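Secondary and tertiary structure notes
Residue-level listing of the chains:
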Amino acid sequence: MIDCSKLSELSVLFEIGFLSDKIVNTLFKFSQGVRANGEVLGEALTFLETVKRVKGDFPPKRIVANTLTSLEIYRFALLACSGRSEKGFINEISSLMGILKSTLDKENISKNDLNNVLVFFSKIAEETLKETGKFFGETASFKKYPDVRKTLESEIEKILSRNRVLGRLRLEEFPSDAQEKAITLLLKTFSLLYNKLAFLLSKLNQLPHENREKLSQIIGITTRRYNYLISFIGSLMEFIEASNISQFPLGIYYTLESIIKNFQKGTPIILSLLGERKFMYLDLITVLKNVLKNVLNKREIEKLDEGYPSCILIFNIPVLEKENILLHCLVANQIGNYLVERNESFFQILESENLPKLLRLPPKEPSNFKEQELERIGIVEQALNKIKKWVITIASDLFAIHIFGPAYLFAFSKYLPAVRESDVPQETRLKITAEELKELNYTKNDELKDKIEKVELYAERSLSSLEREIFNLIPKIREKVRTLTIGHRYTLQIFEEEVPLLVSSLLNLIPPNEILDFENKTSRPAKLVSILNAGWLFKLTKIDNVYRMLNAKTLEEKSQVDIKINRLIQKSIELSEIHRKMSEVVE
Amino acid sequence: MTILSTKSILERLFHKDPKKRLVVTPIINHKDQIANSSIDLRLGTEFIITKRTKYHLLDPMQEDIESQIEQYQDKKYIRFKRKLILQPRQFVLGSTLEYIRLPNDLLGYVIGRSSWGRVGLIIATATMVGPGFAGSLTLELVNLGEADLALYPGTRIAQLVLHTLDQEDSGYIQKPESKYIGAVGPEFSKIHTDKEWKLLR
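Once that is clear, we can look at the overall build of chain A. The secondary structure content of chain A amounts to 26 helices and five strands. A buried classification covers 39% of the 587 residues belonging to chain A. Across chain A, every contact between residues at least 6 apart in sequence was considered, and the portion connecting residues at least 24 apart equals 81%.

Spelled out as structure tokens, the structure:
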């Protein structure tokens, strides 16, 4: 591999006589700065030396298979940059992109190499577009439709620039390989869109005279659809960008990973930040497929995620709370949301005798008026949707309590996420979650009893008729949640075994990541959920002791202590997870 | 003032009295990690990488030294099972994976492991750990060898040797000048907070 510092070897390009000085300048420009790109360039240049030897026999088919990658990089660079505008730049890029991709697939090259090639590829394309803007200006028919042409060109440029961002993102450090999967999927999507737009551009060029106006309008409308789509994918990319390992502490990521693993092993998850004050999740593959329906056919969409897992889950936490590990317990509700939404058995609760009661439907009477009947159906549908959402919310809350124990209730009561009028009211949710903790015997613990009852008291209010009816459904929802969480529940027994020991660690400014066995002089990693529960219990009952110990009197001093404790909890989750992983290897 | 033996270290790690207890957490495997009168320490996941800046001189007397130090260094996280490449002559701050708290009657020294030293890795230049210290230890990693070194979080990279004191010290936590207390990763230098600078300015 040639080091990128050896850029003087660009002179080889002159020597073989294919490239102009402008092209060499372009290559020189983007080879500066990023080392990885320089390495690819280095590979291309290494290959050029081989080409130099076989000059006159280009493309050199006798080059052995393992140099094919370099060959295609070189071929692309050569063709895309050598000013062959008369052949149609975009078409050329599209076909070369196809060749390059199939070659790369066959070569089974490493992820890093693939990434380098793609970055190199998109940079060449983009830089060349800038340098040789004339490519699009030379065809007479384009000039007559400047707006449509410009929009198409600008969409193509957007794709190229986003490809570049994705290439850069690939080099960043993420907590898992899920981001890599997401990036590859988005690159694949952009490649498809790119080909489509290139096709449209070529069509615009060939429009028959009599239909020109109409067809260009149609292309214009289609282009706007692409515009929306490309922007939308851009917003999905932001989630990936915000999931960089340096953006926020990994504590909750490990917790999330360990929980999801219990319910859907192998599901790639991305933990990201959101500008809004809410916790939410989305499935990248489902969302992407939904928007692509507007421009791709069914077969193309099916092909898009071939070989991918069925979903890539993105969980978001509010950016303002990114350091607040204890509030991150609210992610548990989002995991519940995801699992409940996909579990039909929860909605069977609404069937049979329960539904008419909830909807307060009048007895069926033959109606002569179609409009009235339609209106009635509309109202029923709306109400049904609302009730379904309520069932999902309540089931998700119960799920979170079963998986996270009291930590979820404390996080919820502290944060009180914003709700819309049609959502389950906060007080109702608090009441249901507090009652569930009682149901699970957590109130038998003296320290918890007082805290849980306080929340219950706060949530006390008169219920609407719908709420009362929904409350009647809770035993059935609970039963379903119990079935769902069987074998993975957090219990009072685990809480009492681990949490007091961890709280005492925190009291001594020690991260609560380990449970010591004093008799046998051994230790084991604490459960991640126990660490979060210990964090909450400490915050609610013991933090004053540490303020006193560290002589923190003013608000500012106390807040410094809070930050320290928060960091200790974050660190504990990481330490416990590493401890667990390393112990598995040692055992 | 004696050096703690393997047995004494184990006893201190499981001492029932929290004030007397030595904390080194996590210890993945007690038998392997505690031997030869020392505790092996592992490399953590956070690093501070030195970078080129416009400042060619770091002078603690200068007013904006704090921001200069931060511009001179960058925090980087290397996740478990990934590696950090330390190039020849490169200087990087790392930290121990373990969180350590010494009781007030113990003092520690961090020393390198000879197997790493033989490939050119220096792990610490400021090696004393004061009584009552609580936090992850910052390691000053330098590659004195000729080849790049791949460093993996979780690798045993240093050793902690412990001494008893002739009498208990007042403890690091309570001292207001304890600059690095409770750190959970490598910390930027706080040399500018030393009291003598006020006198020297």
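In this section: the overall build of chain B. When you go through chain B residue by residue, the secondary structure sums to five helices and 13 strands. Here chain B holds 201 residues, and 35% of them are scored as buried.

Residues and elements named next belong to chain A. Taking burial as the measure, the six residues of strand 1 (residues 269–274) include five buried ones, the bulk of the element. Note that strand 1 and strand 3 (residues 313–318) share six bridges and pair parallel. Each bridged residue has a counterpart across the sheet, and for Ile269 the counterpart in strand 3 is Leu313.

Moving on: the environment of Val92(B). Residue and element names in this part refer to chain B. With respect to the helices, strands and loops of the structure, Val92 is situated in strand 7 (residues 91–101). Distance in space between the C-alpha atoms of Val92 and Leu106 is 28 Å, their sequence separation being 14 residues. Excluding residues that lie within four positions of it along the chain, Val92 makes contacts with Phe47, Ile48, Ile49, Thr50, Leu86 and Leu141.

Another aspect to go through is the nonpolar core. Grouped burial of nonpolar side chains is what soluble globular proteins tend to show. If you look at the biggest cluster of nonpolar residues, it comprises 155 residues, and the most contacted ones within it are Cys329(A), Val331(A), Ala395(A), Phe404(A) and Tyr408(A). Residues in contact with Ala395(A), not counting those within four places in the same chain, are Gly336(A), Val340(A), Phe346(A), Ile477(A), Lys480(A) and Val481(A).

Looking at chain B, pLDDT values average 84 and 88% of them are 70 or higher. The complex model carries a pTM of 0.74, and its ipTM stands at 0.86.

Moving on, we get to the interface of chain A and chain B. Taken residue by residue, the interface counts 28 residues in chain A and 23 residues in chain B. Counting residues per element, the ones that place at least two in the side of chain A that touches chain B are strand 4 (514–517), strand 5 (522–525) and helix 26 (555–586) of chain A. It is helix 26 of chain A that contributes the most residues to the side of chain A that touches chain B, twelve residues altogether. Looking at the side of chain A that touches chain B residue by residue, the classes come out as 13 nonpolar, seven polar and eight charged.

A few words now on the sheet that holds strand 3 of chain A. All names here are of chain A. Spatially, three strands are ordered 1-3-2 in an open sheet, and the strand pairing comes out mixed. Both outer strands of the open sheet, strand 1 and strand 2 (280–283), are each paired with one neighbouring strand and no more. Neighbour-to-neighbour, the strand axes of this sheet turn through a mean angle of 25°, independent of strand direction. Where helix 12 (residues 251–263) meets the sheet, its contacts fall on strand 1 and strand 3, and the angle it forms with strand 1 comes to roughly 140°.

All names here are of chain B. In spatial order, the strands read 2-3-13-8-10; together these five strands make up an open sheet with antiparallel pairing. The strands lining the two open edges of the sheet, one partner per strand, are strand 2 (34–35) and strand 10 (128–129). Of the pairings in the sheet, the one linking strand 8 (residues 106–112) to strand 13 (residues 156–164) comprises seven bridges and is antiparallel in character. Of the residues in strand 13, the one forming a bridge with Leu106 is Thr164.

Residue and element names in this part refer to chain A. With 21 residues, helix 22 (residues 465–485) extends 30 Å from end C-alpha to end C-alpha; this agrees with the ideal 30 Å at 1.5 Å per step. Of all the bends in helix 22, the largest measures some 40° and sits at Leu473, one to four residues before the proline Pro475. Along helix 22, the positions that sit buried rather than exposed are Ile470, Ile477, Arg478, Lys480, Val481 and Leu484. Remark: Gly487 follows helix 22 within two positions and exhibits a positive phi of approximately 85°.

Let's shift gears to the packing of helix 20 (residues 426–439) of chain A against helix 21 (residues 446–459) of chain A. Residue and element names in this part refer to chain A. Relative orientation of the contacting elements helix 20 and helix 21 amounts to 150°, with a least axis distance of 8 Å. The angle between the axes of helix 20 and helix 21 places the two elements in the roughly antiparallel class. Viewed along their axes, helix 20 and helix 21 form a crossing whose handedness is left-handed. Between helix 20 and helix 21, the contacting residues are Glu427, Leu430, Lys431, Ala434, Leu437 and Lys438 on the first element and Ile452, Val455, Glu456, Tyr458 and Ala459 on the second. Residues belonging to the contact of helix 20 with helix 21 are distributed by class as follows: seven nonpolar, no polar and four charged.

Glancing now at unusual backbone geometry. With omega at 5°, the peptide bond leading from Thr25(B) into Pro26(B) counts as cis. Among the structural elements, Pro26(B) can be located in the loop between strand 1 (23–25) and helix 2 (30–33). If you check the backbone angles, Asn441(A) has positive phi at about 70° while not being a glycine. With respect to the element layout, Asn441(A) can be found in the loop between helix 20 and helix 21. In this structure Asn441(A) comes out as exposed when scored by C-beta crowding, with 12 C-beta atoms within 10 Å.

Once that is clear, we can look at the environment of Ile531(A). All names here are of chain A. Mapping Ile531 onto the fold places it in helix 24 (residues 528–541). Among the residues examined, Ile531 registers 31 C-beta atoms within 10 Å and is labelled buried. Along the primary structure Ile531 and Glu514 are separated by 17 residues, whereas in three dimensions their C-alpha atoms are 9.3 Å apart. Excluding anything up to four places from it in sequence, Ile531 contacts Leu502, Pro512, Asn513, Ala526, Ile569, Ser572, Ile573 and Ser576.

Residues and elements named next belong to chain B. With five of five residues buried, strand 3 (residues 38–42) lies mostly within the body of the structure. Alternating positions in strand 3 separate into two faces, Ser38, Asp40 and Arg42 on one and Ile39 and Leu41 on the other, with burial throughout. In the sheet, strand 2 pairs with strand 3 via two bridges, with the strands oriented antiparallel. Each residue of the ladder has a partner; that of Ala35, found in strand 3, is Ser38.

Definitions and limits used
Per chain, the residues get numbers from 1 upward, laid out in the order the sequence is written. Labels are handed out in written order, letters beginning with A for the chains and numbers beginning with 1 for the ligands. Only residues with pLDDT of at least 70 are given local features in this predicted model, and only at 80 or more are side-chain atom pairs given and counted; all residues enter the totals for whole chains, interfaces and linings. Helix and strand labels come from DSSP, where a helix needs a run of H or I of at least four residues and a strand needs a run of E of at least two; each type is numbered from the N terminus. Once C-beta atoms are placed from the backbone, each residue is buried if 20 or more other C-beta atoms lie within 10 Å of its own, exposed if 12 or fewer, and partly exposed for counts between those two. C-beta atoms are first placed from the backbone for all residues, and any pair lying within 7 Å is then listed as a contact. Paired strands, as defined in this entry, are two strands with at least two bridges between them according to DSSP. Structurally, a nonpolar core is described as a collection of buried Ala, Val, Leu, Ile, Met, Phe, Trp, Tyr and Cys residues joined by way of C-beta atoms within 7 Å. As a per-residue measure, pLDDT reflects the predictor's confidence and takes values from 0 up to 100. Residues are grouped as follows: Ala, Val, Leu, Ile, Met, Phe, Trp, Tyr, Cys and Pro are nonpolar; Asp, Glu, Lys and Arg are charged; every other residue, Gly included, is polar. The convention used is that axes are lines fitted to C-alpha atoms, helices contributing only their stretch in contact, and that angles between N-to-C directions extend from 0 to 180 degrees. By this rule, a helix spans an expected 1.5 Å times one less than how many residues it contains. In this scheme, the bend at a residue equals the angle between the axes fitted to the seven residues that finish there and the seven that begin there. Comment on the angle field: the value is read as roughly parallel under 35 degrees, roughly antiparallel over 145, roughly perpendicular from 65 to 115, and oblique elsewhere. Each helix crossing is assigned a hand: it is left-handed if the near helix lies turned anticlockwise from the far helix by less than a right angle, otherwise right-handed if that turn is clockwise.

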